[in-house]
Amino acid sequence: MKTRFAPSPTGRLHVGNIRTALHNFLLAKKAGGQFLLRLDDTDAERSTPEYADAIRLDLDRLGLEPHAMFRQSDRFARYEEVFDQLKRDGRVYACYETPEELELRRKVLLGRGLPPIYERPEGENDPVDGVAPHWRFRLDHDAVIEWEDGVRGPQHFEPAKISDPVIRRADGSWLYMLPSVIDDADHAITHVVRGEDHVTNSAIQLQMFDALGAGRPSLAHTALIVSDTGKLSKREGAKGLEALDEMGFEVMALLSVLTRIGTSQPVEAVHDLEALAAGFDLSSFGRAPARFSWDEVGVVNARLLHETPYETLADRLPEGVTPERWEVLRGNVERLGDVTSWLSVFEGVIEAPERDEGDRAYLAEAAEVAEGLAWDEGAWGALTGELKARTGRKGKALFLPLRLALTGQRSGPEMAALLPLIDKEHALARLRG
Ligand code: GLU
């Protein structure tokens, strides 16, 4: 099994192409195969080395490390060779129409209620003086195109209903279609998973594989990714790891969500790529759009953190978060950055809300009781037991003023676990107010 991810280095990875990279990575990983990175940088104007680097760094951070990588701009000589061969075979032909002519023809066809398919000439086109041609691939109209799509099931295309695609511009530059096939063939890619916006490309490309005498890869086209409310907005979709960092979420939260949306499997908080790969199953993908939301990433993020032991995070936790403190806090953080705000609760200055007269006296009494207590896991039980007996308070009236005074928060970790971790002198001072 050999898969590949083929982004154009014309921007950073966004949620949609991270998902495609992930699918191909997981498929290869599960099968013990290889996952390649191919940079589709034939468009010299829009591709930059900076974006190429950014893509590699992003994949690294995501843990989607390719076994090998290459760029299309290094392979022009090879494309030329195949191009010449296809020309000799009559599968590539020169075209001299101007964009205006093509547009006019399109309009005429549409006006007649006909599909705007490029009208291929009989035989070769006549050269036009002084005009450099662009080049099209001649589809074989007699060879119906069929494949069993890994997600969409049986696919069927009539080549006569598809325009012969332009594969090369008049200036010699390459369009996406043919180089991709040459690369997939030369690298013996066995499986291609990509978005359903490529289905028609795939139909054309299968004829290119055949024309090259290369084996066809298995194809799977996943339904597009949308937001809860419809199209994925720029803010939601255009940013991948930038958005993740802005929101302070974990990589695995994003990957957990992206693996399962659009499938019949539930979204779960999964801690590592091995586990994601083990459960990855193309046959669980449906044809309905995959709904993505950063809110769901947030929910999964919290779940992941709640389950993550100290050792796993040790090098990323801020100074002052000891194993004991993480144990107490982890059930209450939605993002890792939240622990910082809890640090002051252990030994710093907190802002506690105003207390009324009644609570003031109650908390003074609490300080008195607390002072005499052994500061261990029994402290909270002993404190509240004694206060209950002394004051007759119970429930919220008993607990909430203590929590507010000691932590400054209305909710948070279990007080029984938290209290012994708060420096005793600080705790007494907070109760005294
Ligand atoms: N560069 C193409 C894209 O990003 C690659 C498509 C593919 O063959 O997977 O759409």
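The structure this text deals with has already been given above.
Residues numbered from 1 in each chain as written. Predicted model: local features only at pLDDT ≥ 70, side-chain atom pairs only at ≥ 80, totals over all residues. Heavy atoms only, no water.

Below, the discussion takes up the site of the ligand. Looking at the ligand, the residues that line it are Arg4, Ala6, Ser8, Arg38, Asp40, Tyr176, Ser180, Arg194 and His198. A distance of 2.7 Å separates a nitrogen atom of the ligand from a polar atom in the backbone of Ala6. Tyr176 is positioned such that a nitrogen or oxygen atom in its side chain is 2.6 Å from an oxygen atom of the ligand. Relative to its free-state accessible area of 300 Å², the ligand is covered by the protein chains to the extent of 77%. If you map the ligand onto the pockets, it falls in the largest pocket. Residues belonging to the shell around the ligand are distributed by class as follows: two nonpolar, three polar and four charged. (Near = heavy atom within 4 Å. Polar contact = N/O pair within 3.5 Å; in protein donor to acceptor, adjacent residues only side chain to side chain. Areas by Shrake-Rupley, 256 points an atom, 1.4 Å probe, with all protein chains shown as cover. 1 Å grid on protein atoms, 1.4 Å probe; cavity = no way out; pocket = protein on both sides within 12 Å on 5 of 7 lines; lining within 4 Å. Sits in = over half its atoms within 2 Å of the grid points. Nonpolar A, V, L, I, M, F, W, Y, C, P; charged D, E, K, R; others polar.)

If you look at the biggest cluster of nonpolar residues, it comprises 50 residues, and the most contacted ones within it are Leu64, Leu255, Leu258, Leu273, Phe292 and Trp294. Secondary-structure elements contributing two or more residues to this core are helix 1 (15-31), strand 2 (34-39), helix 2 (49-62), helix 8 (241-247), helix 9 (251-260), helix 10 (273-278), strand 12 (290-292) and helix 11 (294-306). Element by element, the count of residues in this core is highest for helix 1, at eight residues. One finds Leu336, Trp342, Ala379 and Ala405 within the second-largest nonpolar core, a separate group that totals 39 residues. (Core = buried A, V, L, I, M, F, W, Y, C linked by side-chain atoms within 4.5 Å. Buried < 20%, exposed > 50% of the residue type's maximum accessible area, 1.4 Å probe, protein only. Helix = DSSP H or I, 4+ residues; strand = E, 2+ residues; numbered from the N terminus.)

Along the chain, Arg19 falls in helix 1. In this structure Arg19 is buried but unpaired, with Glu196 as the nearest side chain of opposite charge at 8.7 Å. One polar contact links the side chain of Arg19 to the main-chain carbonyl oxygen of Ala223, over a distance of 3.2 Å. The residues touching Arg19, leaving out its near neighbours within four places in the chain, are Thr222, Ala223, Leu224, Ile225, Leu258, Ile261, Gly262, Phe285 and Ala290. (Lys, Arg positive; Asp, Glu negative; His and termini not counted. Salt bridge = Lys/Arg side-chain N within 4 Å of Asp/Glu carboxyl O. Contact = heavy atoms within 4.5 Å.)

Turning next to the sheet that holds strand 5 (residues 134-137). The strand order 4-5-8 describes an open sheet built from three strands, whose pairing is antiparallel. Edge positions in the sheet fall to strand 4 (92-95) and strand 8 (166-168), since each of these pairs with one other strand and no more. Across the sheet, the mean angle from the axis of one strand to that of its neighbour is 45 degrees, orientation sign disregarded. (Pairing = 2+ DSSP bridges. Axes fitted to C-alpha atoms, helices over the stretch in contact; angles between N-to-C directions.)

This model, assessed by the stated rule, comprises 30 salt bridges. Between Arg46 and Asp43 there is a salt bridge whose closest N-O contact spans 3.8 Å. Residue Asp43 is classed as partly exposed on the basis of its relative accessible area of 25%. Among the salt bridges present, the one from Arg390 reaches Glu386, with a minimum N-O distance of 2.9 Å. Separated by four residues within a single helix, Arg390 and Glu386 lie in helix 16 (residues 379-391), roughly one turn from each other. Taking the relative accessible area as the measure of exposure, Arg390 reaches 40% and is therefore partly exposed. Take Glu386: its relative accessible area is 34%, and that puts it in the partly exposed class. Look at the salt bridges and you will find they share partners, linking Arg4, Arg38, Asp40, Arg75, Arg78, Glu81, Asp183, Asp184 and Asp186 into a network.

All right, on to the layout of surface pockets then. There is about 1200 Å³ of room inside the largest pocket. Taken together, 44 residues form the lining of the largest pocket, with His14, Gly16, Asn17, Asp197 and His198 sitting closest to its centre. Elements with a minimum of two residues in the lining of the largest pocket: strand 1 (2-5), helix 1, strand 9 (191-195) and helix 7 (234-238). With five residues, the top contributor of residues to the lining of the largest pocket is helix 1. Within the lining of the largest pocket, the residues separate by chemical class into 14 nonpolar, 16 polar and 14 charged. Considering only enclosed or pocket space, the second largest pocket measures out at about 420 Å³ in volume. (Points joined across faces, edges and corners; volume = space filled by probe spheres on them.)

It is worth spelling out the sheet that holds strand 2 at this point. Strands belonging to one sheet form pairs held by backbone hydrogen bonds; the direction of such a pair is parallel or antiparallel. As summarised here, the arrangement of the three strands in space is 1-2-3, forming an open sheet in which the pairing is parallel. The outermost strands of the open sheet, each flanked by one partner alone, are strand 1 and strand 3 (68-71). Neighbour-to-neighbour, the strand axes of this sheet turn through a mean angle of 25 degrees, independent of strand direction. As paired strands, strand 1 and strand 2 are joined by four bridges and run parallel to one another. Among the inter-strand pairings, Arg4 is bridged to a residue of strand 2, identified as Leu36. Contacting strand 1, strand 2 and strand 3, helix 5 (residues 177-186) crosses the sheet at an angle of about 150 degrees to strand 2.

For strand 10 (residues 218-222), the buried fraction is high: four of the five residues fall into the buried class. When strand 9 meets strand 10, the two strands line up parallel, connected through five bridges. In the strand pairing of strand 10, Gly195 is matched with Thr222. Handedness of the crossover joining strand 9 and strand 10 through helix 6 (residues 199-212) is recorded here as right-handed. (Right-handed = clockwise from strand over helix to strand, strands pointing away.)

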